[in-house]
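Reading the structure
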Amino acid sequence: MRFDIMTLFPDLVSTVLGESIIGRAVKAGYLEINVHNIRDYSEDKHRRVDDTPYGGGMGMVMSPVPIYSCFSSITDEKTNSCKRRHVIYMSPQGKVLTQQRAMELSKNYDNIVILCGHYEGVDERIIEEIVDEEISIGDYVLTGGEIPACILVDAVSRMVEGVLASEECYESESLTDGKLEYPQYTKPYEWNGRKVPDVLISGNHAKINQWRKEQSEIRTKLKRPDLIEKQ
Ligand SMILES: C[S@@+](CC[C@H](N)C(=O)[O-])C[C@H]1O[C@@H](n2cnc3c(N)ncnc32)[C@H](O)[C@@H]1O
């Protein structure tokens, strides 16, 4: 999977995505993550990328001109042979990201191009021109699309083959089947007077699986009854 992220703050994105499991998956060649500084595509002598809004109002709006030049260089067939491309604008006006949507994105595309807005956002015409989908990470407003982009890349990448040790790692996880995961325990067996449930040290895998299934249902009812109502 190839990701191309268009941003005014490339270091913010590169730092987050260069670490841990995602960073390792890039080094191992399972993912390609290219971070593009929109400012590098400004034709303005002061490298400006934004301007005041038409009609007045607070803040600055990102110009469509450098964003489009940046996008054109990403999609240039001489350097990008991906055929299943999807362009996403991170936006509080988009549909809220779900595990299901992250899974679909990981399976349906080989190149996800992400536009990160900042300030008051981007000129509407660039959305009309290049964007396939707007995605929000929740019903609140952040200062920029960089953190949302990192969240999207992380959620999608975990389901790209090779990134996790095995598909089982995400298949049993919370939200994948509309339920929350069962409780997890590790050593020591007893800690602060609390013991690990006996069934987990019984060695009986059928019983362990049954217990996990029941726990998953119990905690979904308790913590996220809305997930059950949706089924
Ligand atoms: C301050 S916001 C702009 C909000 C815009 N004026 C509006 O009211 O819809 C700046 C940028 O942060 C990003 N952003 C903010 N909240 C977000 C969210 N919940 N999900 C995804 N991106 C978000 C978007 O890229 C947006 O262009």
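Since the model is a prediction, treat every value here as computed from it, not as a measurement.

1. Points about the nonpolar core
Core analysis: the biggest nonpolar cluster contains 31 residues, and Phe3, Ile5, Ile112, Ile114 and Leu152 have the highest contact counts within it. Secondary-structure elements contributing two or more residues to this core are β1 (2–7), α1 (10–17), α2 (20–27), β5 (85–96), α4 (99–108), β6 (111–116) and α6 (146–157). Among the elements that make up this core, the one with the highest residue count is α6 (six residues). Ile112 has contacts with Met1, Arg2, Phe3, Asp4, His86, Ile88, Leu105 and Val156, leaving out every residue within four places of it along the chain.

2. So, the domain arrangement of the protein
Taken domain by domain, the protein holds domain 1 (2–157) and domain 2 (172–230). The straight-line distance from the C-alpha centre of domain 1 to that of domain 2 is 36 Å.

3. Examining the packing of α4 against α6
At a minimum axis distance of 8 Å, the contact between α4 and α6 shows a crossing angle of 70 degrees. With respect to α6, the axis of α4 lies roughly perpendicular. On the side of α4, the interface is formed by Ala102, Leu105 and Ser106, while α6 contributes Leu152, Ala155 and Val156.

4. Remarks on the sheet that holds β6
Here we have five strands laid out as an open sheet, ordered β2-β1-β6-β5-β7, and parallel in their pairing. Two strands bound the open sheet, and with one partner strand each, they are β2 (32–37) and β7 (133–136). Neighbouring strand axes in the sheet, compared pairwise and without regard to direction, differ in orientation by 30 degrees on average. Looking at chain direction, β1 and β6 are connected through five bridges and run parallel. Bridge assignment links Asp4 to a residue of β6, and that residue is Val113. Packing of helix α3 (residues 64–74) onto the sheet brings it into contact with β1, β2, β5 and β6, and relative to β1 it is tilted by some 165 degrees.

The rules behind each value
Residues numbered from 1 in each chain as written. Predicted model: local features only at pLDDT ≥ 70, side-chain atom pairs only at ≥ 80, totals over all residues. Heavy atoms only, no water. Core = buried A, V, L, I, M, F, W, Y, C linked by side-chain atoms within 4.5 Å. Buried < 20%, exposed > 50% of the residue type's maximum accessible area, 1.4 Å probe, protein only. Helix = DSSP H or I, 4+ residues; strand = E, 2+ residues; numbered from the N terminus. Contact = heavy atoms within 4.5 Å. Domains from an automatic or database assignment. Axes fitted to C-alpha atoms, helices over the stretch in contact; angles between N-to-C directions. Parallel < 35°, antiparallel > 145°, perpendicular 65-115°, else oblique. Pairing = 2+ DSSP bridges.

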